[in-house]
Amino acid sequence: MTDTDTWSPTTRARNGDIELAYDRFGERGGTPLLLMMGLAISRFWWPDGLCRAFADEGFDVVRYDQRDAGASTRLGETVRREYWRMLLESGNRKYTAEDLADDAVAVLDAVGWDRAVVFGHSLGGVVAQRVALRHPDRVLGLVSCDAPPSDAVGYRALRHLRFGLVARNVTKRYPAGRDGDVAASLAIAKRMASPANPCDESAARERIERGLESGPRDMAGIGRQLHARWRGPRLHEVRTPTLVLQGEDDPLVRTSAARAVAREIRGAKLVLLDGVGHDLPPACWKTVAEQTRQLIAA
């Protein structure tokens, strides 16, 4: 590893009373690329090798923790409770989906970027879609990875999901404390991977332990993110260059989700990643980085 393969110290952007933890990879001066991870997951889940691949393609990479995740502001205490109760509760809305999109722009402002490629994975992909809708003047390109359409609600959203992974997470019990949190997060990382490209447990454990402030067992934070309501434009109004990525072996999000996103956005390019689950394994890093570069090469 060279000196350029390192992350800057954690810095914080502000959106009103919300603090957003972010860091920056390697050298400066490339095309701005903002990474946003999925549901209540720390920014440390972005693989360093993928970020190195982005840098090799000429990107200046910043990743951040969304509110209610990682080291960013939480709008309530961390609560470990019944998963289904979290999914069904809708009265504990602390913010809107527009607020989540505005958080991304607050990070751009803090870094000093006028515009960036926004790349979101899973729920981060939904947020990235909404950033492109709400702040089109700040978006050079949109990459939506393993994400459903941002304006799908109710049955239209549920039909794109597989519930086997959710059911396994619900029924499995882990002890309280740090060891239990690590074990629960590692189990999810392993289940999200494809058998063709299984989870690197050592690398996953390192990422999990770095971002253990919140994660798959913070049911309250997950609930607040899930129930943030969007009242903005519909997905078909996106006009920025768009790349839609989807793991063909994704155990959580069906390929129908990616096809729906690509169908709604005029000119979007759909790339299905063979042997990839709901994660970003080394086998896909080169393809993902190259496709992201091609998005704005023209």
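Being a predicted model, the structure only gives us computed values, none of them experimental.

S.K.: Sorry if this is basic, but what is going on with the nonpolar core here?
M.R.: Here is a general trend for soluble globular proteins: nonpolar side chains tend to be buried in one another's company. Leu34, Met36, Val107 and Val118 are the most contacted members of the largest nonpolar core, which has 37 residues in total. Breaking this core down by element, the ones donating at least two residues are β2 (18-25), β3 (31-36), β4 (59-64), α3 (97-111), β5 (116-121), α4 (123-134), β6 (139-145) and α10 (255-264). At eight residues, the largest contribution of residues to this core is made by α3. In terms of nonpolar packing, the next biggest core, distinct from the first, is built from 35 residues, Phe25, Trp46, Phe119 and Cys284 among them.

S.K.: I tried to follow helix α11 (residues 285-297) on my own but got confused; where do I start?
M.R.: Because the α-helix completes a turn every 3.6 residues, residues three or four places apart line up on one side. Helix length check: α11 (13 residues) gives 18 Å between terminal C-alpha atoms against 18 Å at 1.5 Å per residue, within 8%. Those residues of α11 that sit buried are Val288, Ala289, Gln291, Thr292, Arg293 and Leu295.

S.K.: I keep staring at the side chain of Arg43 and nothing clicks. Help me out?
M.R.: Structurally, the position occupied by Arg43 is in the loop between β3 and α1 (48-56). Overall, Arg43 belongs to the buried group, its relative accessible area being 1%. With sequence-adjacent residues up to four places away left out, Arg43 is seen in contact with Thr10, Ala21, Tyr22, Asp23, Arg63, Tyr64, Asp65 and Ala71.

S.K.: Just checking my understanding: could you explain the packing of aromatic side chains for this structure?
M.R.: Given two aromatic rings, their pairing is described by the distance between the two centres and the angle made by the two planes. Evaluation of the coordinates by the stated rule reveals four aromatic pairs. Geometrically, the ring pair formed by Phe54 and Phe59 is edge-to-face, given 6.1 Å between the ring centres and 85° between the ring planes. For the pair formed by Phe54 and Phe59, the shared burial category is buried. Each ring, one from Phe54 and one from Phe119, has its centre 5.6 Å from the other, and the planes form 70°; the classification is edge-to-face. Taken together, the residues Phe54 in helix α1 and Phe119 in strand β5 connect sequence positions 65 residues apart. With respect to class, Phe54 is no different from Phe119; both count as buried. Between Arg63 and the ring centre of Trp7, over which it is positioned, the NZ or CZ distance is 3.5 Å. Lying over the aromatic face of Phe59, Arg293 brings its terminal NZ or CZ to 4.5 Å of the ring centre.

Conventions and cut-offs
Residues numbered from 1 in each chain as written. Predicted model: local features only at pLDDT ≥ 70, side-chain atom pairs only at ≥ 80, totals over all residues. Heavy atoms only, no water. Core = buried A, V, L, I, M, F, W, Y, C linked by side-chain atoms within 4.5 Å. Buried < 20%, exposed > 50% of the residue type's maximum accessible area, 1.4 Å probe, protein only. Helix = DSSP H or I, 4+ residues; strand = E, 2+ residues; numbered from the N terminus. Expected span 1.5 Å × (residues − 1). Contact = heavy atoms within 4.5 Å. Phe/Tyr/Trp six-rings, centres within 6.5 Å; stacked < 30°, edge-to-face > 60°. Lys NZ or Arg CZ within 6 Å of the ring centre and 35° of its normal.

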